[in-house]
Amino acid sequence: MGIIFHEEEQVFQIETPNTEYWIGIVDGAYLGHIYYGKKIGDAHCVYLLRTEERPFVPSKNRRDKCSFADSFPFEYPTWGTGDFRESCLSIRNAKGYRGCELFYESHEIFDGKPGLKGLPATFCKSDRAGAGESGLNAGGQTLEITCRDPFLNVKVVLRYSVFDDNDAVVRSAEIVNEGAKELYLEKVLSACLTLEDEDYDYLTLNGSWARERHIEKSPVSYGKQGVDSGRGISSHQEHPFIAVMDRKGDQDRGAVYAMHFVYSGNFLAQVEKNQFDSLRMVMGIHPEGFTWVLAPGASFTAPEVVCMYSSEGLGKMSHNFHDLYRSHLIRSPYLHQERPVLINNWEATYFDFDTEKLISIAREAKKHGIEMLVMDDGWFGQRDNDQCSLGDWVVNSRKLKGGLNYLVEQVKAEGLKFGIWFEPEMVSPNSELYRLHSDWALQIPGRPATQGRAQYVLDLSQPEVVDYAYQSVAKILRSADISYVKWDMNRPLTDVGSLHLEGKYQGELFHRYVLGLYEMQERLITEFPDLLLENCASGGGRFDPGMLYYSPQIWCSDDTDAIERLTIQEGTALLYPLSTMGAHVSDCPNHIVGRTTPFATRGHVALAGTFGYELDITRISAAQQAEISGQVALYHKIQPLVREGDYYRLASWRENHHYDAWEVVAKDKSEALVTVVQVVAQAAMRSRRIHVKGLAEDSQYRLEETGQVGTGKLWMEGGLLIPRYEGDFISRIYHFVRVDEE
Ligand code: DGJ
């Protein structure tokens, strides 16, 4: 395991526990991607670069270097010198000429993994303290390959890191101007992969507000295809993820090559099939609206891309991503802790609440085992609807009589912790802040700015604005005993202009915004290390690995309907550990889709995530209140398993149009929990067989719900018989416990 440079063959071997990634240096200058996949362990693989075939390498065919450039599998392709596929790097010089070509210069292999200044990044050791910005930690290795464009005097450092316990290869790139003149980076993507087309599909996560991360699979065809975001956030609509997989592959079989972006702003994720049937996958910051001014001596760091290869289908890919994020990305002390069962007042009251109402919710909630009250939007300024007051983070004393601290202490006296909502990146046109500082909103002078949800976006490229927004949040948190923050963000970025940036820097604004956001979140978790932070963006509009670096959980979607959630949570769990998925039981008919589902089903679906409630507990029936106590008890029982276990997708109602099933198995295989939701009942059906996964073959497991005992092999190969239930939207859970020692 590790990274080796084979001097004779001039190839780099990057090894993870189950995969290898090979890069070669051709003609002493060009970095080419040789191979990525199952281990081959043989440096002779360099022949795969086809340098003995036409058009040959430039030293043997100077007259047609162009054909070489257009077919060679560059590790980090550049724009303007003969490679006409999607590039990773495009540079304009001070005179306006664009063109760049990189030549290998040197490399270094070392233990550990450096952090990326100001950006979220994976780290080697899973402890928060070890995740310093420049700290190198044990448990992994890094390869830095330095390339240069001697004409521009630009140095490019390509970084590849691997971990002892995971199959990820994490990449990033740093561009340094070592010349004497300013340069303009027109495009800096983070990673590129070259594959041969072997009958692949490509996989993305797509959707909309309240319909996030639906899995989408399409055949790879000639030309460019993929997803992107230009909304300033990773977005509800597309996800910064792309995978290429065997057309016949499934959860257990087939090759999958995936890329996932550790970034929360604009992105491009693309696969391109070219004239030679080779595939180029790229990922990085979207070049549209991006230009970075690189002063002499300055550097630019492109965010990380996680590359993941699985030879055992999507299931193994999901395990790898889940483990990577739990062990090497999420820093929160809550990662391995049971999160308090919360009740959030949003769907209970919307803006219409006061101290008394919140206390009454807390009082009733306590009776049923709920542990934290979260006060959502509407507690500040004059905010009785979404038309005003963002930016005025001052307690509304008409609603919260006695003030915030009084409310918090009352809620605590009822026996609950207290959490609060903020939307720190925004300003309402109707706010004191806007009246004082309209220049702090993103805008293009002279052009009427576009409102979204009656609000503007703050210009987080400005340290003064970042500081104001941060201090507004921190001041409230310092004023009372607050255990949890829901950090919301409810509109995309438009009119992306800053009144405080010189013209030539306006192209930096999208990225500077994200850096400002990261700075605020870093300050928050540093000043309040015990705070449980949940990120949110109108539901799941910024559910991405970047945000997980700061918060251990993210609100998955504003759609809390149990059936809609099945597809949203299936897509989310393709990449993210269940412990990160904010999921609540809400009232029916559901406020988004109007559907009524059994309370039990709502509970089972929310138990696949962080778990909580989003309803007026004082107004639901006594029977439903009683069900809450049972659900909370179940939550405490299965929490460690759901939080720490291996997730398996057993069936998808998206595909079978009938039922959904997933499973979590303890890492030591001592127990497993299967959840089944019969979405639509079918006539004249017998029981349905589900193959349980991940058990120890020869161990005995008892199914708690029936007392039936069988070997792991029996449950996995023979299967579990799920009876046909009467009615739609019916769910059950099946808990298997290993009973070998009995
Ligand atoms: C969007 C969030 O996703 C909701 O949960 C809620 O907090 C509202 N914003 C409040 O405005």
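That block above? That's the structure.
Throughout what follows, the structure given in this document is the object of discussion. (Residues numbered from 1 in each chain as written. Predicted model: local features only at pLDDT ≥ 70, side-chain atom pairs only at ≥ 80, totals over all residues. Heavy atoms only, no water.)

Across the sheet, nine strands lie side by side as β6-β7-β8-β9-β19-β15-β14-β11-β12; this open sheet has antiparallel pairing. Edge strands, defined here as strands with exactly one partner in the open sheet, are β6 (103-111) and β12 (214-219). Between one strand and the next, the sheet's axes are offset by a mean angle of 20 degrees, whatever the strand orientation. Direction of pairing for strand β15 (residues 256-261) relative to strand β19 (residues 299-310): antiparallel, over a ladder of six bridges. Residue pairing across strands places histidine 260 opposite valine 306, the latter belonging to β19. (Pairing = 2+ DSSP bridges. Helix = DSSP H or I, 4+ residues; strand = E, 2+ residues; numbered from the N terminus. Axes fitted to C-alpha atoms, helices over the stretch in contact; angles between N-to-C directions.)

Whether parallel or antiparallel, the strands of a sheet pair through hydrogen bonds between backbone atoms. Judged by pairing direction, the sheet is parallel, and its nine strands sit side by side in the order β28-β27-β26-β25-β22-β21-β20-β30-β29 without closing on themselves. Taken across any chain shown, the strands that pair with only one partner, and hence form the sheet edges, are β28 (581-582) and β29 (585-586). Looking at chain direction, strand β22 (residues 417-422) and strand β25 (residues 484-487) are connected through four bridges and run parallel. Looking across to β25, one finds that tryptophan 421 is bridged to lysine 486.

A few words on the pattern of salt bridges. Enumeration according to the criterion identifies 52 salt bridges in this entry. As a salt-bridge pair, arginine 148 and glutamate 105 come within 2.5 Å of each other at their nearest N and O atoms. Taken together, the residues arginine 148 in strand β7 (residues 140-149) and glutamate 105 in strand β6 connect sequence positions 43 residues apart. Between aspartate 646 and lysine 667 there is a salt bridge whose closest N-O contact spans 2.6 Å. On the criterion of sequence distance, the pair formed by aspartate 646 in strand β31 (residues 646-651) and lysine 667 in the loop between β32 (659-665) and β33 (671-678) is long-range, its members being 21 residues apart. Linked through salt bridges whose partners overlap, the residues forming this network are Glu105, Arg148, Lys155 and Glu178. (Salt bridge = Lys/Arg side-chain N within 4 Å of Asp/Glu carboxyl O.)

Fair warning: the whole summary comes from geometry, so function is off the table for now.
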